[in-house]
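Chain by chain, the residues:
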Amino acid sequence: MDTKYIFVTGGVASSLGKGIIAASLAKLLQARGLRVTIQKFDPYINIDPGTLNPYEHGECYVTEDGAETDLDLGHYERFLGVHTSKANNVTTGKIYHTVITKEREGAYLGKTVQIVPHITDEIKRRMLLLGKTGNWDIVITEIGGTVGDMESQPFVEAVRQLQWELPEEDCMSIHLTLVPYLSAAKELKTKPTQHSVQMLQQSGVQPDVIVCRTEHPLTPELRKKVALFCNVKPGHVIQSIDAWSIYQVPLNMHEEHLDELVVRHLQVDNFAQPDMKEWNEFLSKLRHPKSEVDIALVGKYVELQDAYKSILEAFVHAGAANECKVRVHTVHSEHLNEDNAHDVLSRMDGILVAPGFGERGLEGKVVAIKYARENNVPFFGICLGMQMCVVEFARNVLGFKDAASTEVDAKTTHPVISLMEDQKSTTIKGGTMRLGAYDCVLEKDSLARSIYGCEQIRERHRHRYEFNSEYVSAFEQAGLKASGHNPQTGLVEVVELPTHPFFIGVQFHPEYKSTPEKPQPIFTAFVKAAMAFREAHPHSSNTKK
Ligand code: GLN
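About the criteria used
- Positions within a chain are numbered from 1, following the residues in the order the chain's sequence is written.
- Whole-chain, interface and lining totals are the exception, using all residues; otherwise, since this is a predicted model, local features are given only for residues with pLDDT of at least 70 and side-chain atom pairs are given and counted only at 80 or more.
- Hydrogens are left out, water is left out, and the side-chain values use all remaining heavy atoms of the structure.
- Between the rings of Phe, Tyr and Trp (Trp by its six-membered ring), a pair exists once the centres lie within 6.5 Å; its type follows the angle of the planes, with under 30 degrees stacked, over 60 edge-to-face, and the other angles tilted.
- Charge-over-ring contacts are defined here by two conditions on Lys NZ or Arg CZ: a distance within 6 Å of the ring centre and an angle within 35 degrees of the ring normal.
- Any residue with a non-hydrogen atom lying within 4 Å of a molecule or strand is treated as near it.
- Side-chain atoms alone can form a polar contact between residues adjacent in sequence; in general such a contact is a pair of N or O atoms within 3.5 Å, and within protein one must be able to donate a hydrogen while the other accepts it.
- Accessibility throughout is a Shrake-Rupley quantity obtained with a 1.4 Å probe, and a residue counts as covered only by protein chains that appear here.
- The pocket and cavity definitions rest on a 1 Å grid over protein atoms only: a 1.4 Å probe that fits but cannot leave marks a cavity, an open set with protein on both sides within 12 Å along at least five of seven lines marks a pocket, and residues lining either have an atom within 4 Å of a point.
- In this description, a molecule resides in a pocket or cavity if more than half of its atoms sit within 2 Å of the grid points defining it.
- For this classification, Asp, Glu, Lys and Arg are treated as charged, while Ala, Val, Leu, Ile, Met, Phe, Trp, Tyr, Cys and Pro are nonpolar and the rest, including Gly, are polar.
- For each residue, the accessible area found with a 1.4 Å probe, counting protein chains only, is set against the maximum for its type, and the residue is called buried under 20%, exposed over 50%, and partly exposed in between.
- Only DSSP runs of H or I covering at least 4 residues are called helices, and only runs of E covering at least 2 are called strands; the numbering of each starts at the N terminus.
- At least two bridges found by DSSP between two strands is the condition for calling them paired.
- Grid points are joined across faces, edges and corners, and a volume is the space filled by probe spheres set on the points.
- By salt bridge we mean one thing: a side-chain nitrogen of Lys or Arg within 4 Å of a carboxyl oxygen of Asp or Glu.
- Here the nonpolar core consists of buried residues drawn from Ala, Val, Leu, Ile, Met, Phe, Trp, Tyr and Cys, with membership extended through side-chain atoms lying within 4.5 Å.
- Residue contacts are counted whenever heavy atoms from the two residues lie within 4.5 Å of one another.
- Axis lines are fitted through C-alpha atoms, for helices just across the contact stretch, and the angle between N-to-C directions can take any value from 0 to 180 degrees.
- Patch membership is restricted to residues that have no salt bridge and whose relative accessible area is over 30%. Joining uses 9 Å for like charges and 5 Å for the nonpolar side chains Val, Leu, Ile, Met, Phe, Trp and Tyr.

K.L.:
Break down the packing of aromatic side chains for me, with residues and values.
P.N.:
Enumeration according to the criterion identifies 18 aromatic pairs in this entry. Taken together, Phe 315, Phe 380, Phe 502, Phe 523 and Phe 526 form an aromatic cluster joined through their ring pairs. Across from the ring centre of Tyr 438, 4.2 Å away, lies the NZ or CZ of Arg 434, which sits over that ring.

Below is the structure:
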């Protein structure tokens, strides 16, 4: 079978959840036995979101092969359980970079280089790229932004051209819109959807299916009206009603026959019903927890939930695995200090210190770690969170009062966290961190080894600084154990406190690989430890809510 292409555009408003719809459809098609991948085309000019502040664009997701990408790729991986790669996230910046580099090389000698055809040709080339690998039956392409935005026009034009070039049964277009409910009129309104589709049609793209985000069910009349005015077949207007969990959306889409419409349009022979057994088991555990815990997520980007997307989702998966409702309380590290630590943290059954960059909020992270260490509260530090464990231990146990990471204090007499050797000559900021998956060997008899249940693991990274190896033996003698190392470089990847019930810091980002069907082991063990802590300390957690 030729690779088939599905394009997903969005209209009316941003944040409608195009990524979730694309991922849900992909999940259903995968559950029917098809090999499916999803890619995201973002209209901004940054080469990738690696240089963006999380406040701008939420979390930066990292793939196995070290690409810094849009957080929607996290949804794709969580829903499909299949790795994405550098090729799965394309930006306007990447497209222009390629075209301009080619122009300088003389590839277009004599020609005026223009948006059409040169930019659109490069967009089309990249849209078809994954399909050419032979690995996929279906490639879903999500176009970022909202139809009508000036910057997404070349992408929509590329979709138009591909729809024209490819056989009809190899290509389809899905448009996601919003049908708002006006409470004063007690009515759902279709006009914004009509206008959005008109805009798409003006660009030459006729959607095959319209998915309407709505807070209330769409009546058959309303669906008919949208179909008629938007020129799609009756039955091709489907609703996506607010769901109790994003993981419920694939089932809602199946009930609306989205996957059936798609396999029929694409003339896919495989009409088997989707097998969602494992997914349903996960959902049922998620829906009916038998216990609950409160976890503090200590970070500085707490105002924006999307900044810690993968961590929050990993807790959803780990919660379901333990049949436990995990309530994550974001704690602003800038507002945390020795004086209020007890008030804020004594209600928690576990403390996670988040990744991050720069000085802001760092001292609050050290305070949270000290609290967890001294009060035997289950603790989990990720990347900067692990680095701050090392700083906290250096200052408060080893007595190195000015211990710091050289990221924030280059002059410290105890640079316990320092720049990695190969980072020292790096001046370029974009794409130059230690990125992607690396092996890590876990020490015998360590907490890490018992959590993973194996000696060698592979997790993803995104950092420039490391545990300074000159200090490792001093730490180990004082009780902080380096329990995971990179086998090639010796770099410390995991630290833990054997005298504490559950205290682990990891240089990598385990949250990126957690999925509903394969919850991440450290998150699962951490939630379990939090459950045990809550059992043993009912006063600190169950009372003062
Ligand atoms: N800022 C730290 C470093 O670059 C930690 C990075 C992170 O938490 N992702 O090493």
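Now, onward.
K.L.:
If you had to explain the site of the ligand to someone new, which residues and values would you point to?
P.N.:
Looking at the ligand, the residues that line it are Pro 355, Gly 356, Phe 357, Cys 383, Leu 384, Gln 387, Glu 407, Arg 462, His 463, Arg 464, Tyr 465 and His 509. Backbone polar atom of Leu 384 to an oxygen atom of the ligand: 3.0 Å apart, as the coordinates give it. Here Gln 387 contributes a side-chain N or O atom positioned 3.1 Å from an oxygen atom of the ligand. Notes on the ligand: free accessible area 300 Å², of which the protein chains cover 99%. Cavity membership is defined here by more than half of the atoms lying within 2 Å of grid points; on that basis the ligand lies in the largest cavity. Looking at the shell around the ligand residue by residue, the class counts come to 5 nonpolar, 4 polar and 3 charged.

K.L.:
Go over the pairing of strand E6 (residues 138-143), please, and point to the residues and values.
P.N.:
Counting buried residues along E6, 6 of its 6 residues qualify, which places the element largely inside the surrounding structure. Relative to E6, strand E1 (residues 4-10) runs parallel, the two being bridged by 5 bridges. Across the sheet, residue Ile 6 finds its bridge partner in E6, namely Ile 140. Summarising the sheet, strand E2 (residues 36-42) and E6 pair through 6 bridges and their orientation is parallel. Its bridge partner lying in E6, Lys 40 is registered against Glu 142.

K.L.:
Tell me what's going on with the layout of surface pockets, and back it up with residues and numbers.
P.N.:
Considered as a void within the structure, the second largest pocket measures approximately 630 Å³ in volume. Lining the second largest pocket are 33 residues, and of these Gly 50, Gly 356, Phe 357, Met 433 and Arg 462 lie nearest its centre. Of the residues assigned to the lining of the second largest pocket, the class counts are 15 nonpolar, 11 polar and 7 charged.

K.L.:
Any details on the pattern of salt bridges? Residues and values, ideally.
P.N.:
On inspection of all chains with the given rule, the structure shows 40 salt bridges. The salt bridge partner of Lys 189 is Glu 187, with a shortest N-O separation of 3.4 Å. The partly exposed category is assigned to Glu 187, whose relative accessible area is 39%. A salt bridge links Glu 292 to Arg 534, with the nearest nitrogen and oxygen atoms 3.7 Å apart. Remark: Arg 534 occurs in helix H18 (residues 521-536) and Glu 292 occurs in strand E12 (residues 291-299); sequence separation between them is 242 residues. Taking the relative accessible area as the measure of exposure, Glu 292 reaches 34% and is therefore partly exposed. Judged by its relative accessible area of 9%, Arg 534 is buried.

K.L.:
Residues and numbers for the nonpolar core, please.
P.N.:
Ranked by internal contacts, the top residues of the largest apolar core, which has 45 residues, are Ile 6, Leu 29, Ile 140, Ile 174 and Val 262. Sort the elements by how many residues they give to this core and helix H1 (residues 18-31) lands first, with 9 residues. In this structure Ile 140 touches Ile 6, Val 8, Ala 22, Leu 25, Ala 26, Val 36, Thr 37, Ile 38 and Gln 39, once residues within four positions along its chain are discounted.

K.L.:
So what's going on with the sheet that holds strand E7 (residues 171-178)? Which residues, and what values?
P.N.:
Sheet strands associate in pairs through backbone hydrogen bonding, adopting either a parallel or an antiparallel arrangement. Taking strand neighbours across the sheet as the criterion, the 7 strands line up as E5-E2-E6-E1-E7-E10-E11 in an open arrangement whose pairing is parallel. Taken across any chain shown, the strands that pair with only one partner, and hence form the sheet edges, are strand E5 (89-91) and strand E11 (237-241). Ignoring which end each strand starts from, the neighbouring axes of this sheet average 20 degrees apart. Running over the sheet, helix H3 (residues 72-80) touches E2, E5 and E6 and is turned about 170 degrees from E2. The strands touched by helix H5 (residues 115-129) within the sheet are E1, E2, E5 and E6, with E2 carrying the most contacts at an inclination of about 155 degrees.

K.L.:
Which residues make up unusual backbone geometry, and what are the values?
P.N.:
The peptide bond linking Val 116 to Pro 117 adopts the cis configuration, its omega dihedral lying at 15 degrees. Note on placement: Pro 117 falls in helix H5. The phi torsion at Ser 15 lies on the positive side, around 60 degrees, for a residue other than glycine. Its location among the elements puts Ser 15 in the loop between E1 and H1.

K.L.:
Tell me about a nonpolar patch on the surface, and name the residues and values.
P.N.:
A cluster of nonpolar side chains, Tyr 96, Ile 100, Ile 115 and Val 116, forms an exposed patch at the surface whose accessible area comes to about 340 Å². Put simply, the parts of the chain that give the nonpolar patch at least two residues each are helix H4 (92-105) and H5. The topology assignment puts Tyr 96 in helix H4.

K.L.:
Can you break down empty space enclosed by the protein residue by residue, with the values?
P.N.:
Empty space among the atoms becomes visible once a probe the size of a water molecule is rolled across them. In total, this model carries 3 cavities of 30 Å³ or more according to the counting rule given. Of the volumes computed, that of the largest cavity is approximately 60 Å³. If you trace the largest cavity, you find it lined by Gly 356, Phe 357, Cys 383, Leu 384, Gln 387, Glu 407, Arg 462, His 463, Arg 464 and Tyr 465.

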